[in-house]
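Commentary on secondary and tertiary structure
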Amino acid sequence: MADSPDVGRCECGAAAGPLGTCVDYYHAVLAEEQADARMYRWHPLVVCAFLLQHPSRAHPRHLDGQFRQLQLYVDQGLDALLRVGARQVARNKHGGHQDVELLAAYAPLPPGGPPASFRATFCRLPAGDGSFVSDGHPAYGHRIETIAEATVESWRSVQD
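Since this is a predicted model, take the numbers as computed values, not measurements.

Reading the values: the criteria
- Residues numbered from 1 in each chain as written.
- Predicted model: local features only at pLDDT ≥ 70, side-chain atom pairs only at ≥ 80, totals over all residues.
- Heavy atoms only, no water.
- Core = buried A, V, L, I, M, F, W, Y, C linked by side-chain atoms within 4.5 Å.
- Buried < 20%, exposed > 50% of the residue type's maximum accessible area, 1.4 Å probe, protein only.
- Helix = DSSP H or I, 4+ residues; strand = E, 2+ residues; numbered from the N terminus.
- Contact = heavy atoms within 4.5 Å.
- pLDDT = per-residue confidence, 0-100.
- Phe/Tyr/Trp six-rings, centres within 6.5 Å; stacked < 30°, edge-to-face > 60°.
- Salt bridge = Lys/Arg side-chain N within 4 Å of Asp/Glu carboxyl O.

1. Comments concerning the nonpolar core
The biggest cluster of nonpolar side chains holds 43 residues, and the ones touching the most others in it are Leu-45, Leu-70, Phe-122, Leu-125, Tyr-140 and Ile-144. Broken down by secondary-structure element, the contributors of at least two residues to this core are helix H1 (22–34), helix H2 (43–53), helix H3 (60–76), helix H4 (78–93) and helix H6 (137–157). In contact with Leu-45, other than residues within four places in its own chain, are Phe-50, Leu-70, Tyr-73, Leu-78, Leu-81, Ile-144, Glu-145 and Ala-148.

2. Here we look at the confidence of the model for the protein chain
Averaged over every residue, the pLDDT of the protein chain is 89; the share at 70 or more is 88%. With pLDDT under 50 throughout, residues 1–5 is counted as low confidence; its partners more than four residues away or in other chains account for 17 contacts.

3. A closer look at unusual backbone geometry
Omega for the peptide link from Gly-113 to Pro-114 comes to 5°, which places this bond in the cis form. For Pro-114, the position within the fold is in the loop between helix H5 (100–103) and H6. The backbone of Asp-129 sits at a positive phi, close to 55°, despite the residue not being glycine. As for its position among the elements, Asp-129 is in the loop between H5 and H6.

4. Overview of H2
Think of an α-helix as 3.6 residues a turn; residues three or four steps apart then line up on the same face. Within H2, 10 of the 11 residues are buried, which leaves it mostly tucked inside the rest of the structure. Residues of H2 that are buried: His-43, Leu-45, Val-46, Val-47, Cys-48, Ala-49, Phe-50, Leu-51, Leu-52 and Gln-53.

5. Notes on the packing of aromatic side chains
On inspection of all chains with the given rule, the structure shows six aromatic pairs. Ring centres 5.8 Å apart and planes at 85° place the aromatic pair Trp-42 and Tyr-140 in the edge-to-face group. One end of the pair, Trp-42, is in the loop between H1 and H2; the other, Tyr-140, is in helix H6, with 98 residues separating them in the sequence. For the pair Phe-50 and Phe-122, a centre-to-centre distance of 5.7 Å together with 75° between the ring planes defines the contact as edge-to-face. In this pair, Phe-50 is assigned in helix H2 and Phe-122 in the loop between H5 and H6, connecting sequence segments 72 residues apart. According to the relative accessible area criterion, Phe-122 is buried, its value standing at 1%. Through pairs of rings, three or more aromatic residues link up here, namely Tyr-26, Phe-50 and Phe-122.

6. Looking at the pattern of salt bridges
Here the idea is simple: oppositely charged side chains can pair when their charged atoms come close. Within the structure shown, the criterion is met by four salt bridges. With its nearest N and O atoms 2.7 Å apart, the salt bridge here joins Arg-68 to Asp-64. In this pair, Arg-68 and Asp-64 are both assigned in helix H3, four residues apart and thus about one turn of the helix distant. The buried category is assigned to Arg-68, whose relative accessible area is 15%. When the shortest N-O distance is used, the salt bridge between Arg-143 and Asp-135 registers 2.9 Å. According to the relative accessible area criterion, Asp-135 is partly exposed, its value standing at 47%.

This is the structure in structure tokens:
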């Protein structure tokens, strides 16, 4: 259950929630997304935010791009992020490389991280009635968006 040597604490600094540590929440969210296409809309934010809050679980070469994607989301919103993702998938199908110019306007991942804590984490996601969307998809989306924004905020603070 533990994500670090401190039992019941996550790499992101959060205390475990009712479902366990953030990784337990992350796996539960990914599993629930598979059965709920409306929930899947926030998948890019879930993946990027989780890996940036728990960088030991990520491939280091991808963290910079994930940080830039979250900044794009904060700057232009979810629809813009989804358009960039769709464009990248299309490029990949034709043997293209990552479209770095789309994300070049955003700051690189600060070298001083990872942050010690985040104001919003996965351990705080409510899972009423066994579902993360028990109070509706908009409420779930707002919580994921808050985690994404908190992730960008904390990473930006390590460069100050």
